[in-house]
Amino acid sequence: MNYLSPNAMSSRLQGIILLVVTAILLSTSGFVIKSIEWNPLAIAGARSAFAAVVIAIAFRHTRIRWNWVLVSGGLAYAIMLMTFVTAIKMTTVANAILLQYTSPVFVAILAAIFLNERPNRYDWLTIVLTVSGMVLFFQDKMSEGGFMGNILAIGSGVAMAVMTVCMRQQKDGSPFGAVLLGNVLTFICGLPFMFDDSPGMEGWMALLALGCIQLGLAYVLYSIAIKLVSALEASIITMIEPILNPLWVFFILGETPGFWALIGGGVILTAIAVRYIVPALKPPNAMSQGHSN
């Protein structure tokens, strides 16, 4: 039986702690964005401006290797941010975050096309259940804005999937470059909408916190943590975010999702959790034969 060295165990524990902190930071986006009275694209742009500065400072000694995959990942990241912030303004935070977390479904499809990673029957079952959960979201009576907010949230999930595949292809390059580029692009796209109005001093303070801590610091910590734990552990631990995000909004702003949205969100989270968490709980050598104890 293989044992981890004390140094390896310490590094892994550090990675887990960093990922938990990352998920908690990311989960605060909903109620803060909801509380800012400003154009959603202006909010996305201002938040990304602060985040870009933090990420650039953190990785100032790391060289970016430019290529079309990095640029594609940056574009997808920017689209993900803008559609997500707009979705939060148009529908409930629970709807926005849970529909965004359908991204593993789209990752499976894109990975099969671009990475030659074919989904197995369990992946397809997860896809079917996730799509079923998405359908339930649209059973609630909602305004036209709520409907479009759900559509944008799904679009954010697709963009997140594209970003994930692109960053995976950049694992030996400079994947943080896609995040940095995406934040710069989001700022440029949001800039024209910042001149129509102002969020006020409280709004700017909230945006500063969103950009520097909720987004910038979170991705800096994630970039460090991903080197210390496996990708599967990272994906499992950060699933804390879609659970905490709607809870913060409920306790702080009193916003509650509809009945069918709750059912649909439960189906999606259960399908994805069972697909990725259950295999991770099995002992590493459970499938191997003849190992020593």
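We now turn to the structure provided with this report. Since the model is a prediction, treat every value here as computed from it, not as a measurement.

## Regarding the packing of aromatic side chains
How two aromatic rings sit relative to each other is set out by the distance from centre to centre and by the angle between their planes.
1) Next: Going through the model one piece at a time under the given rule, you end up with 4 aromatic pairs.
2) Next: Centroid distance Trp38 to Trp204: 5.3 Å. Interplanar angle 65°. Geometry classified as edge-to-face. Separated by 166 residues along the polypeptide, Trp38 in the loop between helix 2 (29–35) and helix 3 (40–58) and Trp204 in helix 10 (residues 200–225) bring together distant segments of the chain.
3) Next: Taking the relative accessible area as the measure of exposure, Trp38 reaches 9% and is therefore buried.
4) Next: On the numbers, 4.5 Å between centres and 20° between planes, the contact of Phe59 with Phe176 is stacked. Of the two residues, Phe59 sits in the loop between helix 3 and helix 4 (68–90) while Phe176 sits in helix 9 (residues 176–190), which places them 117 residues apart along the sequence.

## Focus: the nonpolar core
1) Next: Grouped together as the largest cluster of nonpolar side chains are 38 residues, with contacts concentrated most on Ile36, Trp38, Ile43, Ile88, Ala96, Leu207 and Leu210.
2) Next: Those elements that provide at least two residues to this core are helix 2, helix 3, helix 4, helix 5 (93–100), helix 6 (103–114), helix 8 (144–169), helix 10 and helix 13 (259–281).
3) Next: The leading source of residues in this core is helix 4, at 6 residues.
4) Next: Contact partners of Leu207, with chain neighbours within four places excluded, come to Ile36, Trp38, Ile43, Ala46, Arg47, Phe50 and Pro199.
5) Next: Counting residues in each nonpolar core, the second largest holds 24 residues, with Ala76, Met80, Leu215 and Val220 among its members.

## Some details on helix 5
1) Next: Burial analysis of helix 5 places 8 of its 8 residues in the buried class, which makes it a mostly covered element.
2) Next: Within helix 5, the full set of buried residues consists of Val93, Ala94, Asn95, Ala96, Ile97, Leu98, Leu99 and Gln100.

## Some words on the side chain of Ser103
1) Next: Within the fold, Ser103 resides in helix 6.
2) Next: Residue classification places Ser103 among the buried positions, given a relative accessible area of 6%.
3) Next: Excluding anything up to four places from it in sequence, Ser103 contacts Gly157, Met160 and Ala161.

## Let's talk about the packing of helix 3 against helix 4
1) Next: For the pair helix 3 and helix 4, interaxial distance at closest approach is 8 Å and the crossing angle is 135°. When the axis of helix 3 is compared with that of helix 4, the two are oblique. In the packing of helix 3 onto helix 4, the handedness of the crossing is right-handed. Here Pro40, Leu41, Ile43, Ala44, Arg47 and Ser48 of helix 3 lie close against helix 4, whose contacting residues are Leu81, Met82, Val85, Thr86 and Lys89.
2) Next: Its residues assigned to classes, the contact of helix 3 with helix 4 shows 7 nonpolar, 2 polar and 2 charged.

## Quick look at a nonpolar patch on the surface
1) Next: A contiguous nonpolar surface patch, about 600 Å² in accessible area, is contributed by Ile243, Leu247, Phe250, Phe251, Ile252 and Leu253.
2) Next: Checked against the element boundaries, Ile252 lands in helix 12 (residues 240–253).

## Brief notes about the packing of helix 4 against helix 9
1) Next: Taken N-terminus to C-terminus, the directions of helix 4 and helix 9 make an angle of 50°; their axes are 7 Å apart at the nearest point. The orientation of helix 4 relative to helix 9 falls into the category oblique. In the packing of helix 4 onto helix 9, the handedness of the crossing is right-handed. Between helix 4 and helix 9, the residues in contact are Leu70, Val71, Gly73, Gly74, Leu75, Tyr77, Ala78, Leu81 and Met82 and Gly177, Ala178, Val179, Leu181, Gly182, Asn183, Leu185, Thr186 and Cys189, respectively.
2) Next: Along the lines of polarity and charge, the residues of the contact of helix 4 with helix 9 split into 12 nonpolar, 6 polar and no charged.

Calculation criteria
Residues numbered from 1 in each chain as written. Predicted model: local features only at pLDDT ≥ 70, side-chain atom pairs only at ≥ 80, totals over all residues. Heavy atoms only, no water. Phe/Tyr/Trp six-rings, centres within 6.5 Å; stacked < 30°, edge-to-face > 60°. Helix = DSSP H or I, 4+ residues; strand = E, 2+ residues; numbered from the N terminus. Buried < 20%, exposed > 50% of the residue type's maximum accessible area, 1.4 Å probe, protein only. Core = buried A, V, L, I, M, F, W, Y, C linked by side-chain atoms within 4.5 Å. Contact = heavy atoms within 4.5 Å. Axes fitted to C-alpha atoms, helices over the stretch in contact; angles between N-to-C directions. Parallel < 35°, antiparallel > 145°, perpendicular 65-115°, else oblique. Left-handed = near helix turned anticlockwise from the far one by under 90°. Nonpolar A, V, L, I, M, F, W, Y, C, P; charged D, E, K, R; others polar. Patch = residues over 30% accessible without salt bridge, like charges linked within 9 Å, V, L, I, M, F, W, Y side chains within 5 Å. Areas by Shrake-Rupley, 256 points an atom, 1.4 Å probe, with all protein chains shown as cover. Salt bridge = Lys/Arg side-chain N within 4 Å of Asp/Glu carboxyl O.

So, to be careful, I would describe these as geometric facts and stop short of saying anything about function.
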